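# Chains, contacts and geometry: an overview
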Amino acid sequence: MESQGTVETGSRHQRLGLSDGQAIDMYRYMVMGRKYDERSLLLQRAGKINFHVSGVGQEAAQVAAAFALDRQNDYFLPYYRDYAFVLSVGMTMRELMLSLFAKAEDPNSGGRQMPGHFGSKRLRIVTGSSPVTTQVPHAVGFALAAKMQKKPFVSYVTFGEGSSNQGDFHEACNFAGVNKLPVIIMCENNQYAISIPAHKQLGGKVSDRALGYGFPGIRVDGNDPLEVYRVVKEAHERALAGEGPTLIEAMMYRLSPHSTSDNDLAYRTKEEVEENWKKDGLTAYRNYLVEQGLWSEEQERDLIAECNLELKEAIAYAENAPFPNPEDTLLHVYDESNHKGGF
Ligand SMILES: Cc1ncc(C[n+]2csc(CCOP(=O)(O)OP(=O)(O)O)c2C)c(N)n1
Ligand SMILES: [Mg+2]
């Protein structure tokens with residue numbers, strides 16, 4: 001006799017509600033993020049730009065999260081490694097390059113901030129600043145606004161595991177928990193905070209902290225984008241249903257040095273890094289698509305060529321774009337409204 005239970009059919013991504021086209025698009029954004037990163041590193045080594053912080057090894061989780069959100073309505077507070085995320089929500093290579101070259105037309109900060117400090121009104125990416133974790137209370141503020149205005153959007157924020165030890169994280173989680181706010185708080189646990197390995201930063205799991213704030217905390221394999229997608233999607237549904245925040249800890253590995261100013265081999269071994277390259281989520285996801293018959297060597301070649309062309313155009317544009325005027329340095333620093341009577 002046949003089993004009466006429901007038999008799950010289709011491939012993993014289909015069971016999660018992702019079409020073949022969406023599953024492929026996710027991979028495209030991962031590759032775009034990686035290629036942007038690789039090129040930025042080369043530009044820095046060639047002396048064309050000053051500084052780059054890389055997101056290599058974190059793209060799979062970033063893209064998966066973006067696809068699980070409402071990219072037309074939600075508010076995003078990404079952190080400095082989230083290139084693949086911001087590309088997935090609509091930032092262009094040109095915009096990223098304008099920021100990398102610190103040009104006036106850069107929509108992120110008009111060339112005023114270090115690259116990786118994202119901000120775009122058009123894409124509802126909330127401007128971030130350099131002290132790590134300050135974006136978490138900001139995200140909670142956006143979620144409070146959603147609740148007060150009864151608007152159906154969610155705020156989504158990311159940060160590193162080292163940053164989760166900052167007071168801002170705890171205060172933000174507490175407030176979000178008390179008020180059941182529609183916020184998704186995602187830690188990209190890449191196992192290092194500059195030179196400090198996770199076991200010297202954390203006595204327990206970041207995700208377990210959610211228990212103390214009264215909402216779910218989930219640890220997920222950040223190298224498995226379909227798992228990340230599932231977890232973020234559920235968190236999104238809970239948030240929209242008025243059930244409050246979710247803390248997600250996506251486990252991954254920072255495959256590159258902390259920044260272009262860092263020599264990571266001073267505190268970790270080449271072997272450790274090589275071992276983790278074998279677990280790279282981007283490669284694993286490509287293999288999944290190939291197994292599903294959705295990706296071929298030819299498509300891979302075309303995608304790389306497409307990325308290279310896009311990068312070439314973006315770099316040429318950004319390199320030739322004007323720098324901000326020196327006198328604009330003081331813009332947005334002091335109150336520019338015309339106060340009568342003065343202070
Ligand atoms: C409040 C604050 N303290 C210190 C720094 C310097 N800093 C920049 S990145 C970083 C490491 C953060 O590690 P983690 O949160 O794990 O994120 P990751 O860089 O690994 O992605 C530190 C200490 C800072 N920017 N802000
Ligand atoms: Mg870290």
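Above: the structure in question.
Each chain has its residues counted from 1, running along the sequence as written. Whichever chain is written first is A, and whichever ligand is written first is 1; the rest continue in order. Per-residue local features are limited, in this predicted model, to residues with pLDDT of at least 70; the limit for side-chain atom pairs, both in listing and counting, is 80 or more; totals at the level of whole chains, interfaces and linings are taken over all residues. Only hydrogens and water are set aside; all other atoms, that is, all heavy atoms of the structure, feed into the side-chain values.

### Comments concerning the overall build of the protein
- Only DSSP runs of H or I reaching four residues or more are called helices, and only runs of E reaching two or more are called strands; each is numbered from the N terminus. Within the protein, the regular secondary structure consists of 12 helices and 7 strands.
- With C-alpha atoms as the basis for the radius of gyration, the globule rule is written as 2.2 Å multiplied by the number of residues raised to the power 0.38. Relative to a compact globule of 343 residues, whose C-alpha radius of gyration would be 20 Å, the protein shows 21 Å and is just as compact.
- Each residue is assigned to one of three classes by its accessible area relative to the maximum for its type, calculated with a 1.4 Å probe on protein chains only: buried under 20%, partly exposed between the two thresholds, exposed over 50%. Among the 343 residues that make up the protein, the fraction classed as buried is 50%.
- We call two residues contacting when some pair of their heavy atoms lies within 4.5 Å. Long-range contacts, defined here as pairs at least 24 residues apart, represent 74% of the contacts in the protein between residues at least 6 apart.
- We get accessible surface area from the Shrake-Rupley algorithm with a probe of 1.4 Å; when it comes to residues, only the shown protein chains can shield them. Working note: accessible area of the protein is about 16600 Å², and carbon and sulfur atoms make up 52% of it.
- His is not counted here, nor are the chain ends, while Lys and Arg score as positive and Asp and Glu score as negative. We put the charge of a Lys on NZ, of an Arg on CZ, of an Asp on CG and of a Glu on CD. Charge separation in the protein, taken as the distance between the mean sites of 36 positive and 45 negative side-chain charges, equals 3 Å.

### Focus on the coordination of the magnesium ion (ligand 2)
- The protein atoms that coordinate the magnesium ion (ligand 2) are E161 (OE), E161 (OE), N190 (OD1) and Y192 (O), at distances of 2.1 to 2.6 Å.
- For Na, K and Ca the donor cut-off is 3.2 Å, and for all other metals it is 2.8 Å, counting N, O and S atoms only; because water is absent from this set, sites may look incomplete. Square planar and octahedral sites, with four and six donors, are those where opposite donors lie more than 155 degrees apart and all other angles lie between 65 and 115, tetrahedral sites have four donors with every angle between 85 and 135 degrees, and the rest are irregular. Relative to the metal, the 6 donor atoms surrounding the magnesium ion (ligand 2) lie at angles of 51 to 174 degrees, and the coordination shape comes out irregular.
- Going along the chain, you hit the donors of the magnesium ion (ligand 2) in the pattern E-x28-N-x1-Y. In this pair, E161 sits in the loop between β2 (155-160) and α7 (167-178) while Y192 sits in strand β4 (residues 192-193), placing the two residues 31 residues apart along the sequence.

### Observations concerning the side chain of D82
- Mapping D82 onto the fold places it in the loop between β1 (75-77) and α4 (83-88).
- The charged side chain of D82 is buried without a salt bridge, its nearest counter-charge being R81 at 8.9 Å.
- In this structure D82 touches Q62, F118, T158 and E188, once residues within four positions along its chain are discounted. Each reported salt bridge corresponds to a side-chain nitrogen of Lys or Arg within 4 Å of a carboxyl oxygen of Asp or Glu.

### Concerning a nonpolar patch on the surface
- On the surface, L330, V333 and Y334 cluster together to form a nonpolar patch covering roughly 340 Å² of accessible area.
- A residue is classified by how much of its surface remains accessible, and V333, at 48% relative accessible area, is partly exposed. Any residue with relative accessible area above 30% and no salt bridge may belong to a patch, with like charges joined within 9 Å and the nonpolar Val, Leu, Ile, Met, Phe, Trp and Tyr side chains within 5 Å.

### Side note on the site of ligand 1
- Inspection of the region around ligand 1 gives 16 residues, with Y79, Y80, R81, S163 and Y192 positioned closest.
- Here a polar contact means two N or O atoms within 3.5 Å. Within protein one must be a hydrogen donor candidate and the other an acceptor candidate, and residues neighboring in sequence count only if both atoms are side-chain atoms. Within the side chain of E161, one N or O atom sits 3.1 Å away from an oxygen atom of ligand 1.
- Starting from 580 Å² of accessible surface for ligand 1 in isolation, the protein chains cover 73%.
- The rule is simple: put a 1 Å grid over the protein atoms alone, call a set of points where a 1.4 Å probe fits but cannot get out a cavity, call an open set with protein on both sides within 12 Å along at least five of seven lines a pocket, and count a residue as lining if it has an atom within 4 Å of a point. To qualify as sitting in a cavity or pocket, a molecule needs more than half of its atoms within 2 Å of the grid points. Of all the cavities here, the one that holds ligand 1 is the largest pocket.
- Looking at the shell around ligand 1, its residues break down into 7 nonpolar, 7 polar and 2 charged. Put simply, a residue is near a molecule or strand once any heavy atom of it comes within 4 Å of that molecule or strand. All amino acids are sorted into three groups, where Ala, Val, Leu, Ile, Met, Phe, Trp, Tyr, Cys and Pro are nonpolar, Asp, Glu, Lys and Arg are charged, and the leftover types, Gly among them, are polar.

### Quick notes on the environment of H199
- Along the chain, H199 falls in the loop between β5 (196-197) and α8 (209-213).
- Residue H199 is classed as exposed on the basis of its relative accessible area of 62%.
- Taking C-alpha positions, H199 is 38 Å from G110, a pair spaced 89 residues apart along the chain.

### A short note on the pattern of salt bridges
- Tallied over the entire structure, the rule returns 16 salt bridges.
- The shortest N-O distance in the salt bridge between E319 and K48 comes to 2.9 Å. Here K48 lies in the loop between α2 (20-45) and α3 (59-68) and E319 lies in helix α12 (residues 297-320), a separation of 271 residues in the sequence.

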